[in-house]
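What follows is the residue order along each chain.
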Amino acid sequence: MREHYFLTMLQSLSCDSIDKYTQTMICLETTVLCHLLNNASRQLIHTDFTSIFSIYEKKIINDNSYIKLNQKEFKLIFSNITLYDFSQSRDIKNYISRITEICNEYINTLSIHSILDLFTSLIEENRPPTQKHYTPHEIVTFMGNIIQAQKGESFFDPACGSGEFISEIIKNQVAISGSEYDVDRLKISKMKMLVNDLSPSNISPSYFTEGHNLKKNFDIILSNPPFSLKIPFDMEMHFCMYGKPPTSNADFAFLQYCIFMLKDNGRAAIILPDGILFREGKEYEIRKKIIKNNHISAIIYLPKGMFKTTAIATNIIVFKKKQKTNDILMINVRKKNNLNVNLLLELITKRSTTEISRLTSLNEISAHDYNLSASLYFRPQVKKTDLKQLIMKQKELEEKLHSLQYAFQHKLTSLNL
């Protein structure tokens, strides 16, 4: 792919004044800015202007094909470029100029969407292990197929990260909103909105906020929130209608927030760790109320190792704001090596019972004290062997034993023992 070659060329450049991670972010920001500016990006090489925003503003005013940004939003999205202003460091100025030269030569022949996805993966790889958080493309596509977004609907990801679900859902022509706490991931999500001519201001810089640009309720929610995120002690959580979870763990805060933010006919799928299925205390009480109020439509117990950044078992929880049925479709692929996506989608659509799936009633869940652990509902089956087969097997073994005894005696005789 030409996009891979383009990325390799950018990576071959270096700048001693800044670390490798910051270099990657500057490469990304410069690439997106050059894409937006097109031929006007050549001014980034030759001008001594201290305000890069003025170049962008002039271009966008004359070209209505992209969203106009105010200066505050511009500086947030392109913060590394504006921070390391050309006039402050000749080394960094030359570095950005070399990036710009490569972009000017190749950018019009490349897919900006593919480039953004490649940069997203690269940036996550360069993060420290404890800070990595990325949803595999296979899971993103699968969850998108579960939800089946329709043109004109509204979408929300309350922990949108680097916009993996935004990249997936944007093709369905829906109204997109999101929120993200990490600044660099927030910037990448805003870039993905910007290159698709969508307002970056729809992505807010914090979790659990209704923000002035967010609609109150949404048709669709897809998300992979950070596991066991700590909740600010003094944060108001009016959306926790079934109880405030421990401040040390925000898993149930995210789950309740998603329920709160859905329209009455809304649907959602979010990735959550195994602990939400069985933890006791406050979380038990919250889980019990969510189950009894018929919010959960399905649980998919994912294979181990789906997320390279964690050894924690993970699940996709599919739910609705309101639904008439009170049974839960459980699909257990925990011991599988990969996802048979077509099979899983068929099981979800038909809500059928198979070797790996079952409809579980509220009564059965209540009998297990609202514990949703896969081991309680998918017990290993011991195969019963037919009596006639056992008798035949015994005869076969007796004949083999007799044959071995005969061969042994013959061998002794031949040795004259």
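How each quantity is defined
Residues numbered from 1 in each chain as written. Predicted model: local features only at pLDDT ≥ 70, side-chain atom pairs only at ≥ 80, totals over all residues. Heavy atoms only, no water. Salt bridge = Lys/Arg side-chain N within 4 Å of Asp/Glu carboxyl O. Helix = DSSP H or I, 4+ residues; strand = E, 2+ residues; numbered from the N terminus. Buried < 20%, exposed > 50% of the residue type's maximum accessible area, 1.4 Å probe, protein only. 1 Å grid on protein atoms, 1.4 Å probe; cavity = no way out; pocket = protein on both sides within 12 Å on 5 of 7 lines; lining within 4 Å. Points joined across faces, edges and corners; volume = space filled by probe spheres on them. Nonpolar A, V, L, I, M, F, W, Y, C, P; charged D, E, K, R; others polar. Expected span 1.5 Å × (residues − 1). Polar contact = N/O pair within 3.5 Å; in protein donor to acceptor, adjacent residues only side chain to side chain. Core = buried A, V, L, I, M, F, W, Y, C linked by side-chain atoms within 4.5 Å. Domains from an automatic or database assignment. Contact = heavy atoms within 4.5 Å.

Draft legend 1. The pattern of salt bridges, seen in detail. The full count for this structure, using the stated rule, is 18 salt bridges. Lys187 serves as the salt-bridge partner of Glu29, at 2.6 Å between the closest nitrogen and oxygen. On the criterion of sequence distance, the pair formed by Glu29 in helix H2 (residues 20-37) and Lys187 in helix H11 (residues 183-195) is long-range, its members being 158 residues apart. Of the residues examined, Glu29 reaches a relative accessible area of 0% and is grouped as buried. Here Glu153 makes a salt bridge to Arg267, at a shortest N to O gap of 2.9 Å. In this pair, Glu153 sits in the loop between helix H9 (137-147) and strand E1 (154-157) while Arg267 sits in strand E5 (residues 262-273), placing the two residues 114 residues apart along the sequence. Residue classification places Glu153 among the buried positions, given a relative accessible area of 15%.

Draft legend 2. Summary view of empty space enclosed by the protein. Overall, the coordinates contain two cavities of 30 Å³ or more when judged by the stated rule. When its volume is computed, the largest cavity comes out at roughly 60 Å³. In terms of lining, the largest cavity is formed by His133, Tyr134, Thr135, Asp157, Ala159, Cys160, Gly161, Ser162, Glu164, Phe165 and Asn224. The residue makeup of the lining of the largest cavity, split by class, is four nonpolar, five polar and two charged.

Draft legend 3. Structural view of H11. For H11, spanning 13 residues, the distance from its first C-alpha to its last is 18 Å, which sits close to the expected 18 Å at 1.5 Å a residue. H11 sits mainly inside the fold: 12 of its 13 residues count as buried. Inspection of H11 places Asp184, Arg185, Leu186, Lys187, Ile188, Ser189, Lys190, Met191, Lys192, Met193, Leu194 and Val195 among the buried residues, and these make up the whole buried set. The N-cap residue of H11 is Asp182: its side-chain oxygen and the backbone nitrogen of Asp184 are 3.3 Å apart. Backbone geometry just after H11 places Asp197 at a positive phi near 60°.

Draft legend 4. Here's a closer look at the environment of Ser167. Assignment of secondary structure puts Ser167 in helix H10 (residues 164-169). A sequence separation of 36 residues divides Ser167 from Ile203, and the C-alpha atoms of the two residues are 14 Å apart.

Draft legend 5. Summary view of the nonpolar core. Ranked by size, the top nonpolar core spans 49 residues in total, and within it Leu33 and Tyr56 carry the most contacts. Where this core is concerned, the elements lending two or more residues are helix H1 (2-12), H2, helix H4 (52-62), helix H5 (71-77), helix H7 (90-106), helix H8 (112-125) and H11. By residue number, the principal contributor to this core is H2, which donates 10 residues. Three or more residues apiece are contributed to this core by two domains, here domain 1 (1-125) and domain 2 (130-374). With near-sequence residues (within four places) excluded, Tyr56 lies in contact with Leu33, Leu36, Leu37, Ile67, Leu69, Phe74 and Leu194.

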